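Per-entry structural report
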Amino acid sequence: MQAVRLFQGYLWHPKELPLDPKALLPGEVEGARLLLDEVPPPTPFFQDGTPTHTQRFYQLTLLVLTEKPPEALEPLAERVAKGVEPLLQALPPGVGWLLLEDLRPL
């Protein structure tokens, strides 16, 4: 049995926005565990030049425990993507996110 990361990315919001993303997102999506850990900004600026220090950042990871090799988890990753997309889209205004498929063992 191994932990395989299906998706990894970031979620962020303005520091002045009183928000607990763990209360807004489920702990599981389509059988994959959804983990959120507050982290420092990964870069000093967004692509548009806005400083990231004005935001709170969270590392967002979706993972599964499995005996299958990561390459065999593509169908599951597709289901998880379809399940998590509406949840992220429904977050309050001002919340940004970036989530990329990963498919690697932890």
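Here, the structure is the one placed above.
Below or above, wherever it landed, is the structure these notes cover. Note that the structure is a prediction, hence the values are computed from the model and not measured. (Residues numbered from 1 in each chain as written. Predicted model: local features only at pLDDT ≥ 70, side-chain atom pairs only at ≥ 80, totals over all residues. Heavy atoms only, no water.)

1. Quick look at the side chain of glutamine 55
For glutamine 55, the location among the structural elements is in strand β4 (residues 55-66). Accessibility expressed as a relative area gives 12% for glutamine 55, which makes it buried. Of note is the side chain of glutamine 55, whose polar atom sits 3.3 Å from the side chain of threonine 54. Those residues in contact with glutamine 55 that sit more than four places away from it in its chain are Trp12, His13, Pro14, Lys15 and Phe46. (Helix = DSSP H or I, 4+ residues; strand = E, 2+ residues; numbered from the N terminus. Buried < 20%, exposed > 50% of the residue type's maximum accessible area, 1.4 Å probe, protein only. Polar contact = N/O pair within 3.5 Å; in protein donor to acceptor, adjacent residues only side chain to side chain. Contact = heavy atoms within 4.5 Å.)

2. Concerning the nonpolar core
If you look at the biggest cluster of nonpolar residues, it comprises 24 residues, and the most contacted ones within it are Leu6, Leu11, Leu62, Val80 and Leu88. Listed by contribution, the elements that provide at least two residues to this core are β1 (2-14), β3 (32-39), β4, α2 (74-89) and β5 (96-105). No other element matches α2, which puts five residues into this core. Excluding residues within four positions of it along the chain, leucine 6 makes contact with Ala32, Leu62, Leu63, Val64, Leu73, Leu76, Val80, Leu100, Glu101, Asp102 and Leu103. (Core = buried A, V, L, I, M, F, W, Y, C linked by side-chain atoms within 4.5 Å.)

3. What about the packing of aromatic side chains?
Tallying each qualifying case throughout the model produces four aromatic pairs. Look at tyrosine 10 and phenylalanine 57: their rings are 6.3 Å apart centre to centre, the planes differ by 80°, and that puts the pair in the edge-to-face class. One end of the pair, tyrosine 10, is in strand β1; the other, phenylalanine 57, is in strand β4, and 47 residues separate them in sequence. (Phe/Tyr/Trp six-rings, centres within 6.5 Å; stacked < 30°, edge-to-face > 60°.)

4. Looking at the environment of glutamate 30
Within the secondary structure layout, glutamate 30 lies in the loop between β2 (28-29) and β3. Residues glutamate 30 and glutamate 74, spaced 44 residues apart in sequence, show a C-alpha to C-alpha distance of 13 Å. Setting aside residues no more than four positions away along its own chain, glutamate 30 makes contact with Leu76, Arg79, Val80 and Gly83.

5. A short note on the pattern of salt bridges
As enumerated under the stated definition, the model contains three salt bridges in all. Between arginine 56 and glutamate 38 there is a salt bridge, with the nearest N and O atoms lying 2.8 Å from each other. Here glutamate 38 lies in strand β3 and arginine 56 lies in strand β4, a separation of 18 residues in the sequence. For arginine 56, a relative accessible area of 28% translates into the label partly exposed. For glutamate 38, a relative accessible area of 48% translates into the label partly exposed. (Salt bridge = Lys/Arg side-chain N within 4 Å of Asp/Glu carboxyl O.)

6. Looking at the environment of proline 14
Checked against the element boundaries, proline 14 lands in strand β1. For the pair proline 14 and histidine 53, spaced 39 residues apart in sequence, the C-alpha to C-alpha distance is 9.1 Å. Here proline 14 is in contact with Thr54, Gln55 and Gly94, once residues within four sequence places are set aside.

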